[in-house]
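Structure at a glance
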2 protein chains.
Amino acid sequence: MSDTKPSIPKGTRDFTPLEMSGRNFIFQTVRTVFEKYGYMPIETPAMENLTTLMGKYGDEGDKLLFKILNSGDYLSKIDEKGLNKTNSLGLSSQICDRGLRYDLTVPFARFVVQHRNEINFPFKRYQIQPVWRADRPQKGRYREFYQCDVDVIGSNSLLNEADLLCIIKEVFEKLGIKIVIKLNNRKILAGIAEMLSGGSGNQMLDFTVSLDKLDKIGREKVLEELKAKDYDQKALDTLSPLLDFIGNKDETIKFLKEFLKDSETGLKGLAELEEIIRLSKLNKLEELIELDLTLARGLNYYTGAIIEVKALDVQIGSVCGGGRYDDLTGIFGMPDVSGVGISFGADRINDVMNQLHLFPVAASTMLKLLFVNFGAKEAEYILPLLAQVRNANISAEIYPDASKMKKQMNYANSNNVPFVAIVGENEIKNNVISLKNMQSGEQKDVSIKELIDLLKI
Amino acid sequence: MSDTKPSIPKGTRDFTPLEMSGRNFIFQTVRTVFEKYGYMPIETPAMENLTTLMGKYGDEGDKLLFKILNSGDYLSKIDEKGLNKTNSLGLSSQICDRGLRYDLTVPFARFVVQHRNEINFPFKRYQIQPVWRADRPQKGRYREFYQCDVDVIGSNSLLNEADLLCIIKEVFEKLGIKIVIKLNNRKILAGIAEMLSGGSGNQMLDFTVSLDKLDKIGREKVLEELKAKDYDQKALDTLSPLLDFIGNKDETIKFLKEFLKDSETGLKGLAELEEIIRLSKLNKLEELIELDLTLARGLNYYTGAIIEVKALDVQIGSVCGGGRYDDLTGIFGMPDVSGVGISFGADRINDVMNQLHLFPVAASTMLKLLFVNFGAKEAEYILPLLAQVRNANISAEIYPDASKMKKQMNYANSNNVPFVAIVGENEIKNNVISLKNMQSGEQKDVSIKELIDLLKI
């Protein structure tokens, strides 16, 4: 066989045991909280039919889908006219029927519609799986990454939004990450757009795309962009006080009540926002919430609340986000089912935890006890002892080879094994185990029962 | 947006919460045992470079790889001569650089070579991830399925084989599946082949492929196949007593000692087998082991022990299998590193557990308490109570909408929620919670503290 220098595709990663322990700590935390709030796990296949995925993420998104080549003699059935070097896009739709999922939201919508007759609505599900995007790889952006989504579908109640905010608070508390939760409402954005365009509201998307950039490009550039998008001076004059406005939650709400007084949609969004804040007070997390009228999160399918979580103490994008979508399943022929959900970005959270040194030490040690191997005779004596230790649910092993003591101790050190058991000729004669605490260096003779009692803690 | 009837690709599956609870029970069991034995988790990307995957699974395997179409203008750089309807195979190698992993063994070998400088050998890893094969889907065979692999690499010691057999025993005991562990050794097969071909042993593969079928096609057909493969009458006469042999472990070993007396390799394999059995006696699992001289498991890379686990009480293929490979990483330019490992088939195990009704009931209920929702006022009263229940780590929720009582109780029943809390006007007045046990039907008024104490068990 050939001598291949091994590597992995650009933008993908291997995870070593140490990295896994951190990731598993995040997944386990998220999973435990989701289940405590009554959300249940589902999984969907990595591959979806391209008909399910295409057209759901905009033209840009379509380009970022990983497509899977059809099996077998895939060229035999295609239209030969399309077989030329300039037809990459056209050919791919003929030779690929499937693609890797791009997010967990569209597969979830597909799942709900496909299994509608087995599901008890409201359906509260969570899903922790990787997604794939053919994005240009860069620091902190990968082509394979995990999303942790939690959604409820089939209920209009704002208690759901309130519950999701509790989940956010509890997850990040458990992880030790300080956060601010930014809130907005798509109907408020629609109301503002309505005010500007004199009631038509059809430039909603253009408008939110520009507004979303306020933080990055500043007030003047936003106005320039809108001018270029055919907003007239009157519209920009209407917008000005909003861009200039600074105030706390109560003041912002008061301001919006006036600003949106002629937009039915806008006022409805404002009422939703107020109710969510009221419920957050009852749930004792109001102090984490900030209103952010520029928050749009790009995604077109949001129709109500928009939620985004930023980690404090660290420069990084959002670590969690989501919102309400009134018609997600409509694209698959099941209209008028309202849902709301959020997605935790496991990889970003991992980066934050690493930067702030938040991973508990315990997460990185797994093996608790190593028996040193002096040879066949000693190993034979040790095997039943090892079985007893493991029966007490203590993670333990015997070094498989009778290597030099130094090599075995190095192995224990490199793997952060906290205890080493030494059972040589003398120990066997005296029916004891010499137990070494690798951190303190302390070493003492114990019985197997004492050893188990010591390590069980 | 268009009205797409949703479905998933052939051979793939969605997993509902109920199915997930069974799967998670299996994964959790396997993971717990692996870690107790000192194995640590790693993960590798779903996509590997095709150069890593191709040629590792034989020609048939290459055809079963899912290939990923290169992104962007993938046709622009190809050789135009290859662009014709009859060149599916040739073109795919030009327009696809990556593929989905086919198993966890080759990615593991690639991982070890790529990370050789960060790894402390012997390296004990486990890996639980899906793999993909473009096989013809059929009952019990999927195009996406999970493997649970556990391997140690960098140690020749047979203590590793003995440890893996302990893992097999403990995993299936914990799952409640009765098993038999079939053992063989590749060197014994090589020795037998050597005896037949008069010492050259180069027809090893042909020979094991035929022998592997003994159970299915019978003695006569095996001899016919070998004759067709140019084995002469003398060779077949030599083989006859082996095919006819029936005996227990000790008798088989005695028979082989004689049969293989002129094959150094064969005797070495036999010695390994005897040592593994001796260690299994010490580990109190010898009664689970059966010798099976026809066991080859197809895979070419095994060089020592071959292991296969069959579930009793149910007609199904093997639920676990593996063996020792002395040169797995050689294909990636790192020779002479010996490893041994086994793979648990989570989907087969799942089928066995379902057929034998082995899943614990607890695995299918997650939400413990549902608060009925009578409206905004009651919900507001309930939110702090709900927070208290959740703070005690009890999974609980409030039904999000003030729907009819019957609908809410149906929801509790369909989701197997064991307790429902009813807090209406009267209960609020009396400062109690009416707690209903959904199984017994019993209903009584309790304080929040009593409720928590009751449900905490």
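Nothing here was measured: the structure is a model prediction, and the numbers come from that model.

What about helix α5 (residues 105–114) of chain B?
Every α-helix carries 3.6 residues per turn, so stepping three or four residues along brings you back to the same face. Residue and element names in this part refer to chain B. The element α5 is extensively covered by neighbouring structure, given that nine of its 10 residues are classed as buried. Within α5, burial applies to T105, V106, P107, F108, A109, R110, F111, V112 and V113. In this structure, the buried side of α5 is in contact with β2 (47–49), α2 (50–53), β5 (123–132), β6 (144–153) and β10 (318–325).

Focus: the confidence of the model for chain A
A residue-level look at chain A finds 96% of positions with pLDDT of 70 or above and a mean pLDDT of 91. Model confidence for the complex: the whole-complex pTM is 0.92, and ipTM, which rates the interface, is 0.91.

Remarks on unusual backbone geometry
Keep in mind that most residues, glycine aside, have a negative phi and that most peptide bonds are trans. Across the junction of A:F121 and A:P122, the peptide omega takes the value -5 degrees, indicating a cis bond. Mapped onto the secondary structure, A:P122 falls in the loop between α5 (105–114) and β5 (123–132). Although it is not a glycine, A:D336 sits at a positive phi angle of roughly 60 degrees. Since its relative accessible area comes to 69%, A:D336 is described here as exposed. A positive phi is found at B:H357, a non-glycine position, where the angle reads about 55 degrees. Structurally, the position occupied by B:H357 is in the loop between α13 (346–355) and β12 (369–371).

Observations regarding the sheet that holds strand β16 (residues 443–446) of chain B
Residues and elements named next belong to chain B. As summarised here, the arrangement of the five strands in space is β13-β12-β14-β15-β16, forming an open sheet in which the pairing is mixed. Single-partner strands in this sheet number two, and they are β13 (396–398) and β16. Neighbour to neighbour, the strand axes of the sheet diverge by 25 degrees on average, direction disregarded. In this structure, strand β15 (residues 433–437) lies alongside β16, joined through four bridges in antiparallel fashion. Bridging from a neighbouring strand, K436 pairs with Q443 of β16. Those strands touched by helix α15 (residues 405–414) are β12, β13, β14 (419–422) and β15, and its axis lies near 165 degrees from that of β12.

Observations concerning the interface of chain A and chain B
At the junction of the two partners, chain A supplies 106 residues and chain B supplies 106 residues. Summed over both partners, the interface of chain A with chain B buries about 9400 Å², with 58% contributed by carbon and sulfur atoms. Across the contact surface, chain A and chain B share eight salt bridges. The salt bridge involving A:R390 is made with B:D163; its shortest N-O contact spans 2.9 Å.

A look at the nonpolar core
If you look at the biggest cluster of nonpolar residues, it comprises 263 residues, and the most contacted ones within it are A:F344 and B:F344. Leave out the neighbours within four places in its chain, and B:F344 touches B:F34, B:Y146, B:Q147, B:C148, B:V150, B:I167, B:I168, B:V171, B:F172, B:V319, B:C320 and B:I349. Among the nonpolar cores identified, the runner-up in size contains 14 residues, and A:A134, B:A46, B:M47 and B:F66 belong to it.

Observations regarding the packing of helix α11 (residues 249–259) of chain B against helix α12 (residues 264–282) of chain B
Residue and element names in this part refer to chain B. At a minimum axis distance of 10 Å, the contact between α11 and α12 shows a crossing angle of 160 degrees. The angle between the axes of α11 and α12 places the two elements in the roughly antiparallel class. Taken as a pair, α11 and α12 cross one another with a handedness that is left-handed. Where α11 approaches α12, its residues K249, I253, L256 and K257 are matched on the opposing element by L267, L270, E274 and I277. Across the contact of α11 with α12, the residue classes break down as five nonpolar, no polar and three charged.

What counts and what doesn't
- Residues numbered from 1 in each chain as written.
- Chains lettered and ligands numbered in written order.
- Predicted model: local features only at pLDDT ≥ 70, side-chain atom pairs only at ≥ 80, totals over all residues.
- Heavy atoms only, no water.
- Buried < 20%, exposed > 50% of the residue type's maximum accessible area, 1.4 Å probe, protein only.
- Helix = DSSP H or I, 4+ residues; strand = E, 2+ residues; numbered from the N terminus.
- Contact = heavy atoms within 4.5 Å.
- pLDDT = per-residue confidence, 0-100.
- Pairing = 2+ DSSP bridges.
- Axes fitted to C-alpha atoms, helices over the stretch in contact; angles between N-to-C directions.
- Buried area = accessible area lost by both parts, 1.4 Å probe.
- Salt bridge = Lys/Arg side-chain N within 4 Å of Asp/Glu carboxyl O.
- Core = buried A, V, L, I, M, F, W, Y, C linked by side-chain atoms within 4.5 Å.
- Parallel < 35°, antiparallel > 145°, perpendicular 65-115°, else oblique.
- Left-handed = near helix turned anticlockwise from the far one by under 90°.
- Nonpolar A, V, L, I, M, F, W, Y, C, P; charged D, E, K, R; others polar.

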